[in-house]
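A closer look at the structure
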Amino acid sequence: MMNYLLEITPYILEGFKMTFGVFFITLLFSLPLGLLLVILSKFKIMKPIISAFTWLMRGTPLILQLYFFVFALPIIIPGFVTRNAFIGANIAFILNYSAYFTEIFKGGLLSIDNGQWEAAKALDLNSFQTSYHIIFPQMIRNVLYPLANEVITLVKDTSLITVVGLGEIFRNAKELLLRDLRSESLLIVAIIYLLFTFVVIQLFKQFEKKLRLTE
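Residues numbered from 1 in each chain as written. Predicted model: local features only at pLDDT ≥ 70, side-chain atom pairs only at ≥ 80, totals over all residues. Heavy atoms only, no water.

So, a nonpolar patch on the surface
Judged by side-chain polarity, Met 1, Leu 187, Ile 191 and Leu 195 come together as a nonpolar surface patch covering roughly 400 Å² of accessible area. Among the secondary structure elements, Leu 195 is positioned in helix H9 (residues 184–214). Look at Leu 195 and you get exposed, because its relative accessible area is 52%. (Patch = residues over 30% accessible without salt bridge, like charges linked within 9 Å, V, L, I, M, F, W, Y side chains within 5 Å. Areas by Shrake-Rupley, 256 points an atom, 1.4 Å probe, with all protein chains shown as cover. Salt bridge = Lys/Arg side-chain N within 4 Å of Asp/Glu carboxyl O. Helix = DSSP H or I, 4+ residues; strand = E, 2+ residues; numbered from the N terminus. Buried < 20%, exposed > 50% of the residue type's maximum accessible area, 1.4 Å probe, protein only.)

Here's what the structure looks like:
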C-alpha cells in the first residue's frame, strides 16, 4: 500500500497547481470586487443592480455558473474568451464569491454605529480619512470570522472545476480510482484539503492576532 501511495501522490499533487491557482485568483479579485460593490451600493442608482447581482449569484449553484461561463456563454457569443475552461472557471468563481463577500462586508458595515461617522465629522476628518482610519479597521474585525469561513468554503469548492475538465487534484484522484479500482487516491485528496484548510485557518489566526495588537 505504501509503495502505491508513493507512486500516485506526485500525479495527484500535479493537480494542486490548478486547485491553488483558482483559489488564489478568486481571492485576489473577489475580495476587492466585493468591497467595491459595497461602496457602490451606497448610490441609489447602483443599489438595485448590485442587489440583483448578489441575489442571482448566491441563489444559483456555483456548478451551474461554471457550466454557463465555460460551455453556454461561448455558444451565445461565438468565440467568447470563456471557452478557455480556466478563464471561464475563474470568472464564475470570482463573480460568485464577490457576491458572498459583498454581503459579508455589508454586514460588517451595518454593525458599526452611526456615531462613529458623527465623531469623525466632529474631528474634521473627510470621508476617506474616516473610512480608512475608523470604519474600515472596525469592519475587518467584524467580518473576520465569516470571511474565514467563506475562504474555507472556497478551498473545498475548487474541487468543482473538475466538471469543466480542468485537471485539479480531485479529477486526478478520480482517474486513478477508475483506472486502478483502489480508493487510496481519495485519502490523499482528503489529506491535501485538510492541510490546505489548516494553513488557511492559521493565516487567519495570525491576522487576528495582529489586529488585536493594533487595537
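Focus: the packing of aromatic side chains
A complete count under the given rule lists 11 aromatic pairs for this structure. An angle of 35 degrees between the planes, with centres 6.2 Å apart, marks the rings of Phe 20 and Phe 23 as tilted. Separated by 3 residues within a single helix, Phe 20 and Phe 23 lie in helix H2 (residues 16–40), roughly one turn from each other. Three or more aromatic residues joined by ring pairs make a cluster, and in this case those are Phe 16, Phe 20, Phe 23, Phe 24 and Phe 196. Across the ring face of Tyr 4, the terminal group of Arg 182 is positioned such that the distance to the ring centre comes to 4.0 Å. (Phe/Tyr/Trp six-rings, centres within 6.5 Å; stacked < 30°, edge-to-face > 60°. Lys NZ or Arg CZ within 6 Å of the ring centre and 35° of its normal.)

Brief notes about the layout of surface pockets
The calculated volume of the largest pocket comes to roughly 380 Å³. Lining the largest pocket are 16 residues, and of these Leu 27, Leu 31, Leu 147, Val 151 and Phe 204 lie nearest its centre. Among the secondary structure elements, those contributing two or more residues to the lining of the largest pocket are H2, helix H7 (127–157) and H9. The greatest single-element share of the lining of the largest pocket, amounting to 6 residues, is contributed by H9. A class-by-class count of the residues in the lining of the largest pocket yields 16 nonpolar, no polar and no charged. (1 Å grid on protein atoms, 1.4 Å probe; cavity = no way out; pocket = protein on both sides within 12 Å on 5 of 7 lines; lining within 4 Å. Points joined across faces, edges and corners; volume = space filled by probe spheres on them. Nonpolar A, V, L, I, M, F, W, Y, C, P; charged D, E, K, R; others polar.)

Some remarks on the nonpolar core
Grouped together as the largest cluster of nonpolar side chains are 48 residues, with contacts concentrated most on Ile 12, Phe 23, Phe 93, Phe 101 and Val 200. Of all the elements in the fold, those that place two or more residues in this core are helix H1 (2–14), H2, helix H4 (62–76), helix H5 (85–110), H7, helix H8 (169–180) and H9. With 12 residues, H7 is the largest single contributor of residues to this core. Residues contacting Phe 93, with those up to four places away along its chain left out, are Val 22, Thr 26, Leu 62, Leu 66, Leu 154, Asp 157, Thr 158 and Ile 161. (Core = buried A, V, L, I, M, F, W, Y, C linked by side-chain atoms within 4.5 Å. Contact = heavy atoms within 4.5 Å.)

Digging into the pattern of salt bridges
With the rule as written, the count across this model stands at 5 salt bridges. Among the ionic pairs, Arg 171 bridges to Glu 175, the shortest N-O distance being 3.6 Å. Highlighted residues: Arg 171 and Glu 175, both in helix H8, separated by 4 residues, approximately one helical turn. A relative accessible area of 35% means that Glu 175 is categorised as partly exposed. Residue Arg 179 pairs with Asp 180 through a salt bridge whose shortest N-O separation is 2.7 Å. Within this structure, Arg 58, Glu 103 and Lys 106 form a network of salt bridges that share partners.

By themselves, these observations are geometric and do not establish any function.
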